Amino acid sequence: MAKFHSIFDIIGPVMIGPSSSHTAGAVRIGLASRAIFGETPENVQITFFGSFAHTYKGHGTDLALIGGLLGLSTANPDIRYAYDLAKETGMKVKIVTSQEKMKHPNTAEVRMTKGSRTVSVTGISTGGGSIDLVEIDGFNVHVHNDNPVILIFHMDRPGVIASVTRVIGQHRLNISQMEVSRKTKGKLALMLIATDGEIPDATLEEIAAVKHIVQIIDLSEIRREPNGTKALMAKGAAQ
Amino acid sequence: MRRVTTFAQIIRTCEEENWKLADYFLYQEMDWRQREGEDSSPEAILEKMEINLQVMESAAKEGIGGVQSYSGLTGYDATRLNAYRSEKAPLGKSIYLDAIVNAIAINEVNASMGLICATPTAGSCGVVPGILLAAREHLKLTRRQQLDFLITSGGCGLMIGNLASISGAEGGCQAEIGSASGMAAAALAEAAGGTPQASTNALAIALKGLLGLVCDPVASLVEVPCIKRNATGVVNAIASAEMALAGMQSRIPTDEVISAMHSVGQLMPSALRETALGGLALTPTARRYTRELKQTGKITWKERKGPLPSI
Ligand code: SF4
């Protein structure tokens, strides 16, 4: 099977150096965290694990992650000035490193706070600019940015999951991966749905109308962003 | 259009249809985009390539202006080279020197967290544009010919990527700088008027020249030896194009050279494939840099004291 199909898989993508896993991957973890939080946080604590903990400084992984949290794309040269931009925006950043063993060497945890609200996201840069999210607000998840993914926070009540999948099915969208996790029975639960094609806004609205749905987060953006992301993921560019 | 998998077939098709490699790869791209349901007009493809070309141009300019890497280990070498080119250049001004200045500039921009276009990767992003930006002056290429240069490079890279590898972690640096050099050699030969046969000969000669090159990045940074290796890729590509244009032929057919490259990559120990566990990455000085980076987040490279070597 051919790995590459388009000449733009080879000439491209346009990206911020120096390496796709330290820059593009980290930007995407930041962007995903921002999308999940829904706004620019006031305080952020970033914890780097494994090889990220050792190498983040020289590789600019901190800049990339902060850039993502500020909504900068993987092709935005302002990533170099992420600390200054964070200061201007009023986002306080604290970086810590941890010696704790993680499954993957390039792991980062982002803890975002605004007012009394705190959300944490843990992501992995798996290479070539690709990321996995493994934890969202205490829920263990497996999000890969290959397919369009939506996150649905909902109350853990019978029938909710069936109603959501029914809406998606009615719109002739194929679910490629689905995951449901909850921390306490009957309380808040997280449903993660990956689809083959992107879910149109109208469908999202219909899902939002289902009873017991608390919040929907569309992570498709991060997959698309900025251009030629697919190529970036297939390539495994330097580092 | 039927998708073919060997250069032998591509050359045959080009000869039958009287196409250049750039024509072939453009039609192949249109075909692929049509199947994917994307805009498959030549205009859409050229427009997209134009954006990449503009990123290359601005990166070269930025690098010549002078940038330092984020780690502090490298920087300002493109500025140095550029001054050398305009002031001294005792070996003469040439397309080689022009291309090296651009290649180093663009790769320094990559190390400084600037905006680049991966060709085929970030570590090797200086080779193809380095030559293109020099060749367009020397060969007076039109904008369309410059885009064709990138299309031919991209098409050749596709073949290499699918039949061997374009990732240092998989195939060592031969897969990154080596591939970039082969891609640029083929495109340069074509831009200078070479036939598809000559271009693929240039590709084969260039790949053979860098066969077995290992990936051994110091402190895991995409800086040493990567930046200067972009210049290696450049000279190797230009020399290969010259040989092919002179009518020299690779004794081993291009398709076989690519599969040899694939098997060399597979035989290469993982210590020499981007893990920074061998080669230059394990030298005492590299270990010192690695320690310093870990402790302070920066590397201070001290230039040797005294006046610069004069001529
Ligand atoms: S040494 Fe490794 S990281 Fe550097 S350019 Fe070559 S393949 Fe890429």
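Residues numbered from 1 in each chain as written. Chains lettered and ligands numbered in written order. Predicted model: local features only at pLDDT ≥ 70, side-chain atom pairs only at ≥ 80, totals over all residues. Heavy atoms only, no water.

**Looking at the overall build of chain B**
Spelled out, the test is: Put simply, DSSP H or I for four residues or longer makes a helix, DSSP E for two residues or longer makes a strand, and each gets a number counted from the N terminus. Atoms considered for the radius of gyration are the C-alpha atoms alone. The globule rule reads 2.2 Å times the number of residues to the power 0.38.
When helices and strands are counted, chain B shows 13 helices and one strand. Element order for chain B, N to C, with α for helix and β for strand: α-α-α-α-α-β-α-α-α-α-α-α-α-α. Here the C-alpha atoms of chain B give a radius of gyration of 19 Å, agreeing with the 19 Å that 2.2 N^0.38 yields for 311 residues. Principal-axis analysis of the C-alpha atoms gives chain B an extent of 60 × 45 × 40 Å.

**Topic: the site of the ligand**
Stated precisely, the cut-off is as follows: Being near a molecule or strand, for a residue, means having at least one of its heavy atoms within 4 Å of it. Residue classes follow a fixed rule: Ala, Val, Leu, Ile, Met, Phe, Trp, Tyr, Cys and Pro count as nonpolar, while Asp, Glu, Lys and Arg count as charged, and any other residue, Gly among them, counts as polar.
Lining the immediate surroundings of the ligand are nine residues, of which Cys173, Glu176, Cys215, Cys226 and Arg229 of chain B lie closest. In terms of residue class, the shell around the ligand is made up of four nonpolar, two polar and three charged.

**Considerations on the sheet that holds strand 9 (residues 175-182) of chain A**
Residue and element names in this part refer to chain A. To keep it simple, the criterion reads: At least two DSSP bridges between two strands are required for those strands to pair. A fitted line through C-alpha atoms serves as each axis, taken over the contacting stretch for helices, and the angle formed by two N-to-C directions is quoted from 0 to 180°. By the convention used here, residues are in contact when the closest approach between their heavy atoms is within 4.5 Å.
Pairing in this open sheet of four strands is antiparallel, and the strands run 9-10-8-11 from one edge to the other. In this open sheet, the two edge strands, each paired with only one partner strand, are strand 9 and strand 11 (213-218). Recorded for the sheet is a direction-independent mean angle of 15° between the axes of neighbouring strands. Here strand 8 (residues 149-155) runs beside strand 11; their pairing, made up of five bridges, is antiparallel. Across the sheet, Phe153 pairs through a bridge with Gln215, a residue of strand 11. The strands touched by helix 6 (residues 201-208) are strand 8 and strand 11; relative to strand 11, the strand with the most contacts, the crossing angle is about 160°.

**Topic: the sheet that holds strand 7 (residues 139-144) of chain A**
Residues and elements named next belong to chain A. Taken in spatial order, the six strands line up as 3-2-4-5-6-7 in an open sheet, and their pairing is mixed. Looking at the sheet topology across the chains shown, the edges are occupied by strand 3 (92-97) and strand 7. If you compare each strand with its neighbour and ignore which way they point, the axes differ by 20° on average. Two elements, strand 2 (residues 43-48) and strand 3, share six bridges in a ladder whose sense is parallel. Within strand 3, the residue paired with Ile46 across the bridge is Ile95.

**A short note on the pattern of salt bridges**
Residues and elements named next belong to chain B. As a reminder, the rule being used: One speaks of a salt bridge when a side-chain nitrogen belonging to Lys or Arg is within 4 Å of a carboxyl oxygen belonging to Asp or Glu. Exposure categories follow from relative accessible area, calculated using a 1.4 Å probe and restricted to protein chains: below 20% of the type maximum is buried, above 50% is exposed, and the middle band is partly exposed.
Within the structure shown, the criterion is met by 16 salt bridges over all chains. Residues Lys20 and Asp148 are paired through a salt bridge, measuring 3.4 Å at the closest nitrogen-oxygen approach. Of this pair, Lys20 sits in the loop between helix 1 (7-17) and helix 2 (21-35) while Asp148 sits in helix 7 (residues 143-163), and the two are 128 residues apart along the sequence. Here Lys20 falls in the partly exposed class, since its relative accessible area comes to 37%. One salt-bridge network, held together by shared partners, links Glu50, Glu57, Arg136, Glu137 and Arg143.

**Re the interface of chain B and chain A**
Rules: Note on terms: buried area is the combined drop in 1.4 Å-probe accessible area of two parts once they are placed together, counting the loss on both.
Taken together, the contact pairs 55 residues of chain B with 35 residues of chain A. Approximately 3800 Å² of surface area, both sides summed, lies buried where chain B meets chain A, with 62% of it carried by carbon and sulfur atoms. Contact with chain A buries area across many residues of chain B, yet Tyr70, Met113 and Leu115 of chain B alone supply 18% of it, more than any other trio. Run the count over chain B and chain A and you get one salt bridge. Between Glu62 of chain B and Arg80 of chain A there is a salt bridge, with the nearest N and O atoms lying 2.8 Å from each other.

**Let's talk about the packing of helix 4 (residues 77-87) of chain B against helix 5 (residues 95-111) of chain B**
Each pair of packed helices can be summarised by the angle the axes make with each other and by the distance between the axes. All names here are of chain B. Stated precisely, the cut-off is as follows: Each angle receives one of four descriptions, namely roughly parallel if under 35 degrees, roughly antiparallel if over 145, roughly perpendicular if within 65 to 115, and oblique otherwise. Take the far helix as your reference; a near helix turned counterclockwise from it by less than a right angle gives a left-handed crossing, and one turned clockwise gives a right-handed crossing.
Contact geometry for helix 4 and helix 5: axes closest at 8 Å, N-to-C directions at 160°. When the axis of helix 4 is compared with that of helix 5, the two are roughly antiparallel. Seen from above, helix 4 lies across helix 5 with left-handed handedness. Mapping the contact onto sequence places Asp77, Ala78, Leu81, Asn82, Tyr84 and Arg85 in helix 4 and Leu97, Asp98, Ile100, Val101, Ile104, Ala105 and Glu108 in helix 5. Residues belonging to the contact of helix 4 with helix 5 are distributed by class as follows: eight nonpolar, one polar and four charged.

**So, the environment of Thr142 of chain B**
All names here are of chain B. With respect to the element layout, Thr142 can be found in the loop between helix 6 (127-138) and helix 7. With relative accessibility at 43%, the residue Thr142 sits in the partly exposed group. Between the alpha carbons of Thr142 and Thr119 there is a distance of 21 Å; along the sequence they are 23 residues apart.

**Considering the domain arrangement of chain A**
All names here are of chain A. Threshold: Bear in mind that the domain bounds are from an automatic or database domain assignment.
Here the domain parsing of chain A yields domain 1 (11-137) and domain 2 (149-233). Distance from the C-alpha centre of domain 1 to the C-alpha centre of domain 2: 23 Å. With 20 residues of domain 1 in contact, the opposing surface of domain 2 contributes 15 residues. Taken together, both faces of the contact between domain 1 and domain 2 bury some 1400 Å²; the carbon and sulfur share is 66%.

**Quick word on helix 6 of chain B**
Residue and element names in this part refer to chain B. How we decide: The span one expects for a helix is its residue count, reduced by one, times 1.5 Å.
The end-to-end C-alpha distance of helix 6, which contains 12 residues, comes to 17 Å, matching closely the 16 Å that a straight helix rising 1.5 Å per residue would cover. When we look at burial in helix 6, the residues that qualify are Val127, Val128, Pro129, Gly130, Ile131, Leu132, Leu133, Ala134, Ala135 and Arg136. In this fold, the buried residues of helix 6 make contact with helix 3 (42-65), helix 5, helix 7, helix 9 (177-191) and helix 11 (226-245). Count one or two residues on from helix 6 and you reach Lys140, which has phi positive near 50°.

**A look at the packing of aromatic side chains**
Inclusion rule: Aromatic pairing here means that ring centres of Phe, Tyr or Trp (its six-membered ring) are within 6.5 Å. Orientation follows from the plane angle: under 30 degrees is stacked, over 60 is edge-to-face, and everything else is tilted. Lysine and arginine charges are scored as sitting over a ring when NZ or CZ, respectively, is within 6 Å of the ring centre and within 35 degrees of the ring normal.
A complete count under the given rule lists six aromatic pairs over all chains for this structure. With centroids separated by 5.5 Å and ring planes inclined at 85°, the aromatic side chains of Tyr24 of chain B and Phe25 of chain B adopt a geometry described as edge-to-face. You can call Tyr24 of chain B buried: its relative accessible area is 1%. Classification of Phe25 of chain B as buried rests on a relative accessible area of 0%. Taken together, Trp19, Tyr24, Phe25 and Tyr27 of chain B form an aromatic cluster joined through their ring pairs. The ring of Phe8 of chain A carries the charged tip of Lys48 of chain B above its face, separated from the ring centre by 4.6 Å. Positioned above the aromatic ring of Tyr70 of chain B is the side chain of Lys298 of chain B, whose terminal nitrogen or guanidinium carbon lies 4.0 Å from the ring centre.

**Section: the environment of Ala271 of chain B**
Residues and elements named next belong to chain B. Positionally, Ala271 belongs in the loop between helix 12 (254-267) and helix 13 (284-296). Its relative accessible area of 25% is what places Ala271 among the partly exposed residues. Taking C-alpha positions, Ala271 is 9.3 Å from Val214, a pair spaced 57 residues apart along the chain. In contact with Ala271, not counting residues within four places along its chain, are Leu277 and Gly278.

**Some remarks on a nonpolar patch on the surface**
Residues and elements named next belong to chain A. Convention followed: Every patch collects residues that have over 30% relative accessible area and no salt bridge, joining them within 9 Å if they carry like charges and within 5 Å if they are nonpolar side chains (Val, Leu, Ile, Met, Phe, Trp, Tyr). Note that accessible areas follow from Shrake-Rupley with a 1.4 Å probe, and for residues the cover is restricted to the protein chains shown.
Judged by side-chain polarity, Ile161, Met178 and Val180 come together as a nonpolar surface patch covering roughly 210 Å² of accessible area. When you line up the elements, Ile161 lands in helix 5 (residues 160-170). By relative accessible area, Ile161 is classed as partly exposed at 32%.

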